[in-house]
Amino acid sequence: MSYCTLAVVGKFTYPSTSTSNPNPKVSISNSTQRRKEFISLLKNCKDANQILSIHAKIIRTGHDQDPFILFELLRLSSTLSSVNYASTIFQLVHNPNVFLYTALIDGFVSAGSYSDGISLYFQMINRFIVPDKYVIASVLKACGSRFALREGKEVHCQASKLGLSSNRSITMKLMEFYGKCGECDDARKLFDKMTERDVVASTIMINCFLDHGLVEQAIEVFDRVRVKDTVCWTAMIDGLVRNGEMNMALEMFREMQKENMSPNEVTIVCVLSACSQLGALELGRWVHSYIGKHHRIELNHFVGGALISMYSRCGDIDEAERIFAMMKERNVITYNLMISGLAMHGKSIQAIEIFRGMIKQGLLPTSVTFVAILNACSHGGLVDLGFEMFHSMSRDYGIPPQIEHYGCIVDLLGRVGHLKEAYNFIQNMEIAPDHVMLGSLLSACKIHGNFELGEQVARILMNHGVVDSGTYVLLANIYASSGKWKEAAQIRAKMKEGGIQKEPGCSSIEVNNEIHEFLLGDLRHPQKEKIYNKLEELNQVLKEAGHIPATDAVLHDIEDWEKEQSLAIHSERLAICYGLISTKPCTTIRVVKNLRVCDDCHSMIKLIAKITGRKIVVRDRKRFHHFENGNCSCGDYW
């Protein structure tokens, strides 16, 4: 690496790079040889413990101010040892130059100490040391990560004055900086001024837009890229997933396949995430088979974890367990995913066995692990074990319980009908309850018919002003179930006054690799006539089987026949009917619903599964329901 000679430009002074011997007792030739030896030692150093002994030799031989050696020492200390140790070394340097500043700023950025990196850069500027493109690129990364817009703009001005802002690498760093800070217009201006807007620059611009939900603008840039690489395709797919555009992400992946572009690990994980959220099991299976055919994509923690999550969330927990068993190496994240998946499917005992296996392997559980295992205890109604796990968090692992862990205990107590105990538990918590926890108790009050406590919990929610649409609907359901139509109407009026819209129920089903969505009373589907004919046929069979619609759960004070009609067109029923007419007999029907399955639909689906001989798997907002032979895996509590 060459160093610049002394020069003055404006108020900036280029640092002296004289390699004059700091110790006159050491000959120049000997010093040069020593320098080469120390740099070689530092470059080959693999262990942080070796740095101290090498540094001691550097000091003893009088080379502690040699800029070449110091550069390697700072770089290595930041990487292997500690950025604090590197900072201590830097403070003892008599005349640090731009390269030494760059080495330490890079160290701060790599360690996530962005503010320290920014401060050090401006210290360098105040000492009249001229920045080069490398240190500007590094500090811009720090500014973007720290969302330091004002400081980043100052760096941009300095780069412009030095004639560096037109440098391609600096321009792209500036785009990334403005994008992270939400200044997409400024990023776009820089992008438009570039003479060479290739796939790399375009990918940066695409990420800028997608990071801030500007999907249309990202697609516009993406469509203009003539030659797209895997990174560009992956950025687009990942951004669509992060913005909730799952169907669009999967369509983009199909287009990628048509272009014969090979995905990488990140692409695969993004696609599996989209499949997970949509419940697109068949496409997820295809992606899995693709991984098997392309051996360069390994079943590591990253990909294996994504597969476990996909199969768990798409309703095939047996395949998720098979993937878990196949993995040669598992980390705590892998275990967390498996425990969580088993809990969602009501396999509480298996989840606990996996947890105990993790502990035997010497892996320490995390806060997320305990959320998963407490959920498993809740879904299995394992009260004593749940409390044992809850207390072991802080006692055995030093993990203080958070709101999610308290919420699991409330959910567990509510499940088994210990409503007063759950209420007292909330009252005695060290932290304030949130609306999710109180909503869980409110739901339990409805299920177990304790309307008095339910009203009490609802009042607490309303007094704290944290009521969402789901809570309003739940409270209105409680009043409707107890025949208090006036109170139910008042709740609906409050929703209307507050501009609170009930989230519409939506159910989806995957058939022949296509996702079909249904809303309440949906008439948009091309096969709507066949669907409603099947629905009418089922309703008749269900009546003959003795099914009585749970009309007390319908919010409106209307005639019973109108209530029955309202229940009959719920979205999950339409999705199941479509599944019955479009899939082969005896195959499993899998439905994903965005809300909780209502009581009437739950009892109705149990009967449908029994009558048709089908297994029906429904994933709602909280968990999975496996309907088979007239029973449900949730034990009629969800």
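Because the structure is predicted, anything quoted here is derived from the model rather than measured.

Draft legend 1. The arrangement of the overall build of the protein chain in detail. The helix and strand tally for the protein chain stands at 32 helices and eight strands. If one aligns the C-alpha atoms of the protein chain with their principal axes, the spans along those axes are about 105 × 55 × 50 Å. Here the protein chain holds 638 residues, and 49% of them are scored as buried. Restricting the contact set of the protein chain to residue pairs at least 6 apart, pairs at least 24 apart contribute 64%. Working note: accessible area of the protein chain is about 30,900 Å², and carbon and sulfur atoms make up 50% of it. In the protein chain, the 70 positive side-chain charges and the 70 negative ones have mean positions that sit 5 Å from each other.

Draft legend 2. Region of the structure containing the sheet that holds strand β5 (residues 589-593). Reading across the sheet, the six strands line up as β4-β3-β5-β6-β7-β8 and stay open at both edges, with mixed pairing between neighbours. The open sheet has two free edges, formed respectively by β4 (514-519) and β8 (631-632), since each of these has just one partner strand. Pairing geometry for strand β7 (residues 624-628) and β8, over two bridges, is antiparallel. Note on β8: the bridge partner recorded for Glu628 is Asn631.

Draft legend 3. Structural detail: the pattern of salt bridges. Counting across every chain of the model gives 28 salt bridges. Arg150 serves as the salt-bridge partner of Glu154, at 3.0 Å between the closest nitrogen and oxygen. Linking Glu154 with Arg150, this pair stays in helix α8 (residues 149-161), spanning four residues, or about one helical turn. For Glu154, a relative accessible area of 32% translates into the label partly exposed. A residue is classified by how much of its surface remains accessible, and Arg150, at 55% relative accessible area, is exposed. A network of salt bridges, in which partner residues are shared, links Arg188, Asp192, Glu220 and Arg224.

Draft legend 4. Representation of the state of the cysteines. Scanning the model with the defined rule gives zero disulfides in all. Of the cysteine sulfurs around Cys181, a residue in no disulfide, the closest is that of Cys143, at 7.6 Å. Classification of Cys181 as buried rests on a relative accessible area of 17%.

Draft legend 5. Highlighting helix α24 (residues 419-427). Listing the buried residues of α24 in full gives Leu419, Ala422, Tyr423, Phe425 and Ile426. The buried residues of α24 all sit within an arc of 160° when viewed along its axis, so they share a single face. Buried residues in α24 make contact with α22 (383-397), α23 (403-415), α25 (435-447) and α26 (451-463).

Draft legend 6. Quick peek at the UniProt feature "repeat: PPR" (unreviewed entry) in the protein chain. Those residues carrying the UniProt feature "repeat: PPR" (unreviewed entry) are residues 97-131, 167-201, 229-263, 300-330, 331-365 and 468-502 in this numbering. Here residues 167-201 runs as 74% helix and 0% strand, with 13 Å between its end C-alpha atoms.

Draft legend 7. Region of interest: the packing of helix α9 (residues 168-180) against helix α11 (residues 199-210). Contact geometry of α9 with α11 gives a least axis separation of 9 Å together with a crossing angle of 10°. Considering their axes alone, α9 and α11 lie roughly parallel with respect to each other. Each of Arg168, Met172, Met175, Glu176 and Gly179 in α9 lies in contact with α11, whose residues at this interface are Val200, Ala201, Ile204, Met205 and Cys208. Taken together, the residues of the contact of α9 with α11 sort by class into seven nonpolar, one polar and two charged.

Draft legend 8. The arrangement of the environment of Pro400 in detail. Along the polypeptide, Pro400 turns up in the loop between α22 and α23. In this structure Pro400 comes out as exposed when scored by relative accessible area, which is 52%. Expressed as a C-alpha distance, the spacing of Pro400 and Ser367, which sit 33 residues apart in the sequence, is 8.3 Å.

Draft legend 9. Broad picture of the side chain of Gln158. Assignment of secondary structure puts Gln158 in helix α8. Residue class for Gln158 comes out buried when judged on its relative accessible area of 14%. Apart from the residues within four sequence positions on either side, Gln158 is in contact with Tyr121, Phe122 and Ile125.

Draft legend 10. Main features of the pairing of strand β6 (residues 616-619). Of the two faces of β6, the one carrying Ile616 and Val618 and the one carrying Val617 and Arg619 are both buried. Relative to β6, β5 is paired through four bridges, and the arrangement is parallel. Bridge pairing in β6 links Arg590 to Val617. With helix α32 (residues 599-612) bridging β5 and its parallel neighbour β6, the resulting β-α-β unit is right-handed. Note that β6 and β7 share four bridges and pair antiparallel. Across the sheet, Val618 pairs through a bridge with His625, a residue of β7.

Draft legend 11. Looking closely at the environment of Ile515. Mapped onto the secondary structure, Ile515 falls in strand β4. Under the relative-accessibility criterion, Ile515 is labelled partly exposed at 22%. In this view, Ile515 contacts Asn247, Leu278, Ala280, Ser508, Ile509 and Glu510; residues no more than four positions away in its chain are not counted.

Draft legend 12. Just the packing of helix α13 (residues 230-242) against helix α15 (residues 265-278), in detail. For the pair α13 and α15, the least separation of the axes is 9 Å and the interaxial angle reads 25°. Classified by the angle their axes make, α13 and α15 are roughly parallel. Handedness of the crossing formed by α13 with α15: left-handed. Contacts from Thr230, Thr234, Ile237, Asp238 and Val241 of α13 reach α15 at Val266, Thr267, Cys270, Val271, Ser273, Ala274 and Gln277. Looking at the contact of α13 with α15 residue by residue, the class counts come to six nonpolar, five polar and one charged.

Draft legend 13. Structural view of unusual backbone geometry. A positive phi angle is found at Phe128, which is not glycine, with a value near 60°. Secondary-structure assignment places Phe128 in the loop between α6 (114-126) and α7 (133-146). Residue class for Phe128 comes out partly exposed when judged on its relative accessible area of 40%. The phi dihedral of Asn513 falls on the positive side, at around 65°, and the residue is not glycine. Relative to the helices and strands, Asn513 is located in the loop between β3 (506-511) and β4.

Conventions we followed
- Residues numbered from 1 in each chain as written.
- Predicted model: local features only at pLDDT ≥ 70, side-chain atom pairs only at ≥ 80, totals over all residues.
- Heavy atoms only, no water.
- Helix = DSSP H or I, 4+ residues; strand = E, 2+ residues; numbered from the N terminus.
- Buried < 20%, exposed > 50% of the residue type's maximum accessible area, 1.4 Å probe, protein only.
- Contact = heavy atoms within 4.5 Å.
- Areas by Shrake-Rupley, 256 points an atom, 1.4 Å probe, with all protein chains shown as cover.
- Lys, Arg positive; Asp, Glu negative; His and termini not counted.
- Charge placed at Lys NZ, Arg CZ, Asp CG, Glu CD.
- Pairing = 2+ DSSP bridges.
- Salt bridge = Lys/Arg side-chain N within 4 Å of Asp/Glu carboxyl O.
- Disulfide = S-S within 2.5 Å.
- Arc of directions from axis to C-beta.
- UniProt positions renumbered as here; feature names shortened; annotations may be inferred.
- Axes fitted to C-alpha atoms, helices over the stretch in contact; angles between N-to-C directions.
- Parallel < 35°, antiparallel > 145°, perpendicular 65-115°, else oblique.
- Nonpolar A, V, L, I, M, F, W, Y, C, P; charged D, E, K, R; others polar.
- Right-handed = clockwise from strand over helix to strand, strands pointing away.
- Left-handed = near helix turned anticlockwise from the far one by under 90°.

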